[in-house]
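Structural overview
Chain by chain, the residues run as shown.
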Amino acid sequence: PVSEVAAPIRGPMYAGYAKVLHDKERLCRHVVDGLALTLMIITPLSIGIVLTAKLIEQVALGAEWAGAAPFIQVCAFYALFEGIGEFTHNLYVVKDRQRRFVAIMGLTTAIRVVLVVWAGLTHGVLAAAAMFAVTSFFSSAIWFGQLTVMIGLSIRRTIAAMWRIFTATAIMSAGVFYFLSTWPYGETMPGRIAELIIAVATGGALYIGPLLGLWIACGRPAGPEDHAAKAIPQLLARLGLRLPIPA
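Anyway, here's the lowdown on the structure attached to this text. As the structure is a computational prediction, the values presented were derived from the model and not from experiment. (Residues numbered from 1 in each chain as written. Predicted model: local features only at pLDDT ≥ 70, side-chain atom pairs only at ≥ 80, totals over all residues. Heavy atoms only, no water.)

1. With respect to a nonpolar patch on the surface
Note the cut-off: Residues enter a patch when their relative accessible area is above 30% and they make no salt bridge; the linking distance is 9 Å between like charges and 5 Å between nonpolar side chains (Val, Leu, Ile, Met, Phe, Trp, Tyr). The accessible surface values rely on the Shrake-Rupley method and a 1.4 Å probe; as for residues, cover is taken only from the protein chains in view. A pairing counts as a salt bridge when a side-chain nitrogen of Lys or Arg comes within 4 Å of a carboxyl oxygen of Asp or Glu. Under the scheme used here, helices are H or I runs from DSSP no shorter than 4 residues and strands are E runs no shorter than 2 residues, and both carry numbers assigned from the N terminus.
On the surface, a nonpolar cluster with roughly 250 Å² of combined accessible area is contributed by Phe 71, Val 125 and Leu 126. Along the chain, the position of Leu 126 falls in helix α7 (residues 125-150).

What follows is the structure in structure tokens.
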């Protein structure tokens with residue numbers, strides 16, 4: 001779900017980058033807004049999958065896939081880091097830095113192959129999968145580190161746009177983890193399905209509520225929450241629905 005959601009977001013952003021290519025300030029604003037919007041969507045999805053991996057294994061995969069939960073968790077982290085890193089790729093094309101792009105891609109891929117093979121041979125298949133997530137994390141850091149050189153994007157500005165997302169995700173994670181640790185374990189399939197549905201609903205409420213609360217408390221600054229606040233009423237209107245309160 002993370003890669004399927006993150007990939008379509010990047011397409012329209014490419015056109016936006018091209019329009020403001022020679023305006024450093026606007027380009028940085030486009031990048032920060034796009035990254036924050038992407039993270040606002042894919043971060044809770046990834047962490048939610050990590051938290052409910054055992055239930056996903058039992059409900060969606062069946063008994064033949066017993067023990068797959070750790071792999072699901074590793075893949076969710078890998079997809080999150082990979083989605084963050086791939087977000088930057090269009091910028092290398094727009095800024096005509098294809099040579100640098102190929103060099104970084106070649107280096108990170110070579111390191112990944114060596115580490116994955118080593119981990120698999122010495123510690124097993126789960127360690128090899130985990131190495132995908134580890135190398136994806138560090139390659140994402142390299143991709144973004146280069147942006148400070150290419151477009152002058154500061155780390156402080158990036159963090160300022162995303163801290164509310166990470167805070168809301170932390171609250172969601174703590175709430176879902178507490179729920180799963182206290183809820184009676186479902187021995188039957190209907191019980192496990194109910195537990196998964198309640199966990200997802202709880203996580204959604206504990207993410208959206210704090211995120212909107214922090215955004216309002218900060219004076220409703222321009223950012224991904226602002227885009228969502230404008231887009232949701234328009235989407236509901238197209239579906240013939242109306243919010244019970246003013247947008």
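2. Considering the nonpolar core
Which entries qualify depends on this criterion: For our purposes a nonpolar core is just a set of buried Ala, Val, Leu, Ile, Met, Phe, Trp, Tyr and Cys residues, chained together by side-chain atoms within 4.5 Å. For every residue, the accessible area (1.4 Å probe, protein chains only) is compared with the maximum for its type, and the residue is labelled buried under 20%, exposed over 50%, or partly exposed between those bounds. In what follows, a contact means two residues having at least one pair of non-hydrogen atoms within 4.5 Å.
If you look at the biggest cluster of nonpolar residues, it comprises 35 residues, and the most contacted ones within it are Tyr 17, Val 31, Leu 147 and Ile 151. When residues of this core are traced back to their parent elements, those giving at least two are α1 (2-19), α2 (24-51), α4 (69-86), α5 (89-94), α7, α8 (155-182) and α9 (189-217). In terms of residue count, the dominant contributor to this core is α2 (10 residues). Setting aside its immediate chain neighbours within four residues, Tyr 17 contacts Leu 27, His 30, Val 31, Phe 87, Asn 90, Leu 91 and Val 94. With six residues, the next largest nonpolar core counts Ile 49, Ala 53, Ala 69 and Ala 76 among its residues.

3. Notes on the packing of α2 against α8
Two measures define how a pair of helices packs: the angle their axes make with one another and the distance between the axes. Applicable threshold: Lines fitted to C-alpha atoms define the axes, with helix axes restricted to the stretch in contact, and inter-axis angles between N-to-C directions lie between 0 and 180 degrees. Between 65 and 115 degrees an angle is taken as roughly perpendicular, under 35 as roughly parallel, over 145 as roughly antiparallel, and anywhere else as oblique. Polar here means any residue outside two lists: the nonpolar Ala, Val, Leu, Ile, Met, Phe, Trp, Tyr, Cys and Pro, and the charged Asp, Glu, Lys and Arg; Gly therefore counts as polar.
The interhelical angle for the contact between α2 and α8, taken along N-to-C directions, is 10 degrees, at an axis separation of 9 Å. As far as their axial angle goes, α8 and α2 are roughly parallel. Each residue belonging to the contact of α2 with α8 can be placed in one class, and the counts come to 17 nonpolar, five polar and three charged.

4. Topic: the side chain of Thr 135
Defined as follows: We call two N or O atoms a polar contact when they sit within 3.5 Å, provided that within protein one can donate a hydrogen and the other can accept it, with sequence-adjacent residues counted only if both atoms are side-chain atoms.
Mapped onto the secondary structure, Thr 135 falls in helix α7. Polar side-chain contacts of Thr 135 include one of 2.8 Å to the backbone oxygen of Met 131. Not counting residues within four places of it along the chain, the set of residues in contact with Thr 135 comprises Arg 112 and Leu 115.

5. A closer look at the packing of aromatic side chains
As a reminder of what qualifies: We call Phe, Tyr and Trp rings a pair once their centres come within 6.5 Å, taking the six-membered ring for Trp, and we label the pair stacked below 30 degrees between planes, edge-to-face above 60, and tilted otherwise.
With the rule as written, the count across this model stands at eight aromatic pairs. The interplanar angle of 20 degrees and the centroid separation of 6.2 Å between the aromatic rings of Phe 77 and Phe 81 together place this pair among those described as stacked. Residue Phe 77 and its partner Phe 81 are both found in helix α4; the two are separated by four residues, about one turn of the helix.

6. Brief notes about helix α3 (residues 53-61)
Every buried residue of α3 is listed here: Ala 53, Leu 55, Glu 57 and Gln 58. Buried positions along α3 lie against α2, α4, α8 and α9. Of the residues trailing α3, Gly 62 is marked for its positive phi of about 95 degrees.

7. With respect to the pattern of salt bridges
Evaluated as defined, the whole model comprises four salt bridges. The shortest N-O distance in the salt bridge between Glu 25 and Arg 157 comes to 3.0 Å. Separated by 132 residues along the polypeptide, Glu 25 in helix α2 and Arg 157 in helix α8 bring together distant segments of the chain. Glu 25 sits in the partly exposed class, given a relative accessible area of 43%. Its salt-bridge partner being Lys 54, residue Glu 57 comes within 3.8 Å of it at the nearest N-O pair. Residue Glu 57 and its partner Lys 54 are located together in helix α3, separated by three residues, close to a single helical turn. Residue classification places Glu 57 among the buried positions, given a relative accessible area of 4%.

8. Some thoughts on the layout of surface pockets
We apply this condition: The rule is simple: put a 1 Å grid over the protein atoms alone, call a set of points where a 1.4 Å probe fits but cannot get out a cavity, call an open set with protein on both sides within 12 Å along at least five of seven lines a pocket, and count a residue as lining if it has an atom within 4 Å of a point. Grid points are joined across faces, edges and corners, and a volume is the space filled by probe spheres set on the points.
Of the volumes computed, that of the second largest pocket is approximately 390 Å³. Around the second largest pocket, the lining is made up of 19 residues, and of these Ile 84, Ser 140, Phe 144, Met 162 and Phe 166 lie nearest the centre. Elements that contribute at least two residues to the lining of the second largest pocket include exactly α2, α4, α7 and α8. Of the residues in the lining of the second largest pocket, the class split is 14 nonpolar, five polar and no charged.

9. A look at unusual backbone geometry
In this model, Asp 96 sits at a positive phi of 60 degrees, which is unusual for a non-glycine residue. Mapping Asp 96 onto the fold places it in the loop between α5 and α6 (98-123). Here Asp 96 falls in the exposed class, since its relative accessible area comes to 57%. At Arg 220, a residue that is not glycine, the phi angle is positive and equals roughly 50 degrees. Mapped onto the elements of the fold, Arg 220 is located in the loop between α9 and α10 (224-238).

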